[in-house]
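Spelled out, the chains give:
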Number of protein chains: 2
Amino acid sequence: MKRTLLACLSLGAAPALAQTSITTLPPPVAVDPTVAALRDEALNNDHYAWDIAEGLTTEVGQRLAATEAEARARDWAVKRLTAMGFANVHVEPFTMPIWTRGAESAEIVSPFPQKLVVAALGYSGSTGPAGVTGEIAYFDSVDALRLAPDSAVRGKIVFIDHHMAPTQDGSGYGQFGAPRRQGPTIASLKGAIGIVVRSIGTDHHRNPHTGIQYFTDGARPIPAGALSVPDAEQLVRILRRGMPVVMHLTLVSQRHEDGRSGNVVAEIPGRDPKTPILLIGGHLDSWDLATGAIDDASGVAIMTAAARHIMDAGRPLRTIRVVWFGAEEPGGFGGKAFAAAHAKDSYAIAGESDLGADRVWRFSTKLSRSDPAAYARLTAALAPLGIVKDDDGKADGTDVEPTIDAGAPWITLNQDAIRYFDYHHTPDDTLDKIDPVQLRQNVAAWTAVLATLSGGIEPGPKQPKRR
Amino acid sequence: MKRTLLACLSLGAAPALAQTSITTLPPPVAVDPTVAALRDEALNNDHYAWDIAEGLTTEVGQRLAATEAEARARDWAVKRLTAMGFANVHVEPFTMPIWTRGAESAEIVSPFPQKLVVAALGYSGSTGPAGVTGEIAYFDSVDALRLAPDSAVRGKIVFIDHHMAPTQDGSGYGQFGAPRRQGPTIASLKGAIGIVVRSIGTDHHRNPHTGIQYFTDGARPIPAGALSVPDAEQLVRILRRGMPVVMHLTLVSQRHEDGRSGNVVAEIPGRDPKTPILLIGGHLDSWDLATGAIDDASGVAIMTAAARHIMDAGRPLRTIRVVWFGAEEPGGFGGKAFAAAHAKDSYAIAGESDLGADRVWRFSTKLSRSDPAAYARLTAALAPLGIVKDDDGKADGTDVEPTIDAGAPWITLNQDAIRYFDYHHTPDDTLDKIDPVQLRQNVAAWTAVLATLSGGIEPGPKQPKRR
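Novice: It is not clear to me how the overall build of chain A should be interpreted in this structure. Could you clarify?
Specialist: On a plain count of helices and strands, chain A comes out with 16 helices and 16 strands. Scaling as 2.2 N^0.38, a compact globule of 467 residues should have a C-alpha radius of gyration of about 23 Å, and chain A matches this with 24 Å. Based on the C-alpha atoms only, the size of chain A along its principal axes is roughly 70 × 65 × 40 Å. Buried residues in chain A amount to 54% of all 467 residues.

Here is the structure:
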């Protein structure tokens, strides 16, 4: 005992790990049997989520923001949500700049002629069909590029490497995403004619990771692309030979300011319309390279399925609002439009699923401070799913962020991100990457959250079996 | 004891598994200390193989048979083999039909418009730039296609699915490769306007597996491509909706009969030029989609490194001949040309490495019958590498097959193929797929084979340290 305590103190480990007297434990919490039953039904038998993810990715496929494909996806969503028995199903339109991809290629001209696999980043400048040719200027981080004199970059094609590795919480994406997010602007301001970055990803496949970037600080848009990880490693090996490396880069793309997108909104009306609402969602749009199975068909599938399980049990006191946000990928346009349109609504909680379909391993919520009793009930309801509480967590989710910034209490269910950035924003984000068992665990977790915070579910007439 | 024996008999298990008296064991075999030392040096310290695989894939990249890239690869090979101290380094040219890939795409026109990832198969017919459009005729095997009436196929695009799964010995490739090998001919003879097959592969990435096929039996060449596995699964899901599925398929390619290729030959001259030669090799060419790291830069690297370790020890009695065969992928042209050119040479053994770079787990040889003493020495020398003998094995290797057919005794070292068909013939066959530790085990195994069969190595002056 003493040794353990000393070790804990000296290592700064959580004192809770030391054995404490049962008299000092917080009061025991019983899980409401209705909550437990709904959760376990979802865990064992949910098919709503798989059916949505399978249907959306198969019958629509890719659905890039503001394109005709995203419009078809909205139609699909309205039809499916209506068929599932949701109320007030409707589209809330908004406008945004639309960016679309054209022909793209990257070729080493010298010293060792060969093709590399590249994909343009969102809002990349266009080379035009003729492409650009320039010597590669290598940097192993954004800071190395920032520290370089303009003369080392001017007239060249910048290549930024990085060292991202998988993390369970996905935190590598924040830090190691800088080459993609800030690299193009910095390269442009220093006079580069183009930039390629090592894909912000953790795989070793010839599938480049696209993603959004903006030109800020008055930077002129230049062509900006991502090399697949094996291609970036190949370029590093070629550069290590010590000879000048010349690349021919073609990234054709188009941008128009008058794109049209929209959010799809559906509800389970609560017994008391005046009680603050439970808001959950994911995003309907995807990047254009794949069918967006884990980003984010699974997110809208999980949330919709969880709400549907509540509907199966009866009518909640609070209204549950499910949103399939539009145009998240190019910059969270749907989330901003939604918050602006619903500034007067009052929310009991806001949560989003947008980190794939692998199991939820941790959760946190603002309620840990504002409503400790609810926090204790959530903790107890989620523990049987192997979900650990995080007293120090943060709000997460691009789409709900504007609503949370406007005052809505948040809840975050962290999904296991170990393999998420193997597929994220690549041609490989396809249905086979969803593990049906882990998908059901996600549905069970969100069902438990909704049931716990519903204000009580009043059994109604048995819902007809709808898809 | 009795129970075990009975169980063995009743299950037909190998009686050798039952415990036998030590008096009935074959005579013990001691491993020659020189063989063991060379093997273990390669296992622990080889860098020759990695340097060759890294150099060839980085400095040349893809090297499709009979192209200018394969010619550059031959130049690279001659330079490297000479620098490594081999004798008689030279190219033996031959001619062959050359096939090259142009633009390619596959698009579902209806009912759910979307793009699928496709790659043409070798010697595919060309659609021309306009492509062809047709309804999909689905078959889950080549036999299902063979059994179908012509009317079910005529004017349509055939799609053949299959159910290949990984096997350690790679045997799935033989059986499940039929859609690629025979499918196009059968589809053409039945009047199809094109064919796509589920890639002959075991991965789930958007990387199609190309590979060779021929039109036989007088079949007119039609466009023939492979869909990536996720795309094939997507097409199956779309077909399961029960509506007619229409595809627009573009596979542009070119064929000319006057291609030029060649084999690169190098030797360690033996002390007795009249003693039958040890022949080892791999193939220099690759498919055009990737840098051919495991198919087959690793093969030529392993064999060359093994020979180089013998050179490090001194001069063998037998000549060791290392061949980097040309144009294996489009049909083993290099192996046939080599056998024809060397019909008068006499070989003690012929072996090839062409199943990746993962560890050797099993070996077999014709010597098991013709020279049991040598077989016992090989068995003992390879066992410390975890390699099990296979008394019933077969010759293997497209390039050495014609030489073996002409009478050369064969040896086969089976590499672990569990992940080989994840990458085989795809854009993903890149250097990162080679595990340096397993690569060294391969070099150690072939070093042990060469040392065991060398006829004795006479220590010479220490070789200069060459790459």
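Moving on from the model shown.
Novice: Would you take a moment to explain unusual backbone geometry for this structure?
Specialist: What you tend to see is this: most non-glycine residues have negative phi, and most peptide bonds are trans. The residue after A:Ser110, namely A:Pro111, is reached through a cis peptide bond having omega 10 degrees. With respect to the element layout, A:Pro111 can be found in the loop between β1 (87–110) and β2 (114–116). With an omega of 15 degrees, the peptide bond between B:Asp295 and B:Asp296 qualifies as cis. Structurally, B:Asp296 can be placed in helix α10 (residues 293–313).

Novice: How should the interface of chain A and chain B be read in this particular structure?
Specialist: Chain A puts 21 residues into the contact, and the matching count from chain B is 22 residues. Elements with a contribution of two residues or more to the side of chain A that touches chain B: α3 (48–59) and α9 (229–240) of chain A. Broken down by element, the residue count for the side of chain A that touches chain B peaks at five residues, all from α9(A). Its residues placed into classes, the side of chain A that touches chain B shows six nonpolar, nine polar and six charged.

Novice: Can you walk me through the domain arrangement of chain A in this structure?
Specialist: How large an interface is tends to be reported as the accessible area lost when its parts come together. Residues and elements named next belong to chain A. When the domains of chain A are assigned, the result is domain 1 (28–97 + 258–458) and domain 2 (99–254). Between domain 1 and domain 2, the C-alpha centre-to-centre distance is 33 Å. Contact residues are listed per partner, giving 23 residues for domain 1 and 22 residues for domain 2.

Novice: What am I meant to see in the relation of the copies chain A and chain B here?
Specialist: Rotating chain A by 180 degrees and translating it 0.0 Å along the rotation axis places it on chain B, where the RMSD comes to 0.0 Å. Within this description, the copies of the chain are treated as partners about a two-fold rotation axis. Comparing interface residues between copies, 100% of those in chain A also sit at the interface in chain B, which points to an isologous, same-surface contact.

Novice: For this particular structure, what's the right way to read the sheet that holds strand β14 (residues 388–389) of chain B?
Specialist: Adjacent strands of a sheet pair through backbone hydrogen bonds, lying either parallel or antiparallel. All names here are of chain B. Here three strands make up an open sheet; going across it, the order is β14-β13-β15 and the pairing mixed. Since the sheet does not close on itself, it has two edges, and those belong to β14 and β15 (411–415), each with one partner. Bridge count for strand β13 (residues 360–365) against β14 is two bridges, and the pairing is parallel. Residue pairing across strands places Arg362 opposite Val388, the latter belonging to β14. Of the strands in this sheet, β13 and β15 are in contact with helix α16 (residues 436–453), which crosses β15 at around 165 degrees.

Novice: Which parts of the structure should I look at to understand the packing of helix α13 (residues 372–382) of chain B against α16(B)?
Specialist: Angle between the axes and distance between the axes are the two parameters that describe a pair of packed helices. All names here are of chain B. In contact at an axis separation of 10 Å, α13 and α16 are set at 150 degrees when each is read in the N-to-C sense. Here α13 runs over α16; the crossing is right-handed. Across the interface between the two elements, Ala374, Arg377, Leu378, Ala381 and Leu382 from α13 touch Ala445, Ala448, Val449, Thr452 and Leu453 from α16. Each residue belonging to the contact of α13 with α16 can be placed in one class, and the counts come to eight nonpolar, one polar and one charged.

Novice: Would you mind showing me how to read the environment of A:Leu235 here?
Specialist: Residues and elements named next belong to chain A. If you trace the backbone, Leu235 turns up in helix α9. Residue classification places Leu235 among the buried positions, given that 24 C-beta atoms sit within 10 Å. The residues touching Leu235, leaving out its near neighbours within four places in the chain, are Leu116, Phe159 and Leu227.

Novice: Help me understand the nonpolar core in this model?
Specialist: Side chains of nonpolar character tend, in soluble globular proteins, to be buried together. Residue and element names in this part refer to chain B. Within the largest apolar cluster, 135 residues are counted, with the highest numbers of intra-cluster contacts made by Val158, Val196, Ala445, Trp446 and Leu450. For this core, the leading source of residues is α10, giving 12 residues. Shared between two domains, this core holds at least three residues of each, these being domain 1 (28–96 + 258–458) and domain 2 (98–256). Setting aside anything within four residues of it in sequence, one finds Val158 in contact with Ala137, Phe139, Leu145, Val153, Ala187, Ala192 and Ile195.

Novice: Explain the confidence of the model for chain A to me, please; I cannot follow it from the model alone.
Specialist: Residue and element names in this part refer to chain A. In the predicted model, chain A carries a mean pLDDT of 94, and the fraction of residues at 70 or more is 95%. Note that pLDDT drops below 50 for residues 1–13; the model gives that stretch seven contacts with residues more than four away or on any other chain. Per the prediction output, this complex has pTM 0.92; the corresponding ipTM is 0.89.

Calculation criteria
Residues numbered from 1 in each chain as written. Chains lettered and ligands numbered in written order. Predicted model: local features only at pLDDT ≥ 70, side-chain atom pairs only at ≥ 80, totals over all residues. Helix = DSSP H or I, 4+ residues; strand = E, 2+ residues; numbered from the N terminus. Rg over C-alpha atoms; globule rule 2.2 N^0.38 Å. Buried ≥ 20, exposed ≤ 12 C-beta atoms within 10 Å, placed from the backbone. Contact = placed C-beta atoms within 7 Å. Nonpolar A, V, L, I, M, F, W, Y, C, P; charged D, E, K, R; others polar. Domains from an automatic or database assignment. Least-squares fit on C-alpha atoms with pLDDT ≥ 70 in both. Pairing = 2+ DSSP bridges. Axes fitted to C-alpha atoms, helices over the stretch in contact; angles between N-to-C directions. Left-handed = near helix turned anticlockwise from the far one by under 90°. Core = buried A, V, L, I, M, F, W, Y, C linked by C-beta atoms within 7 Å. pLDDT = per-residue confidence, 0-100.

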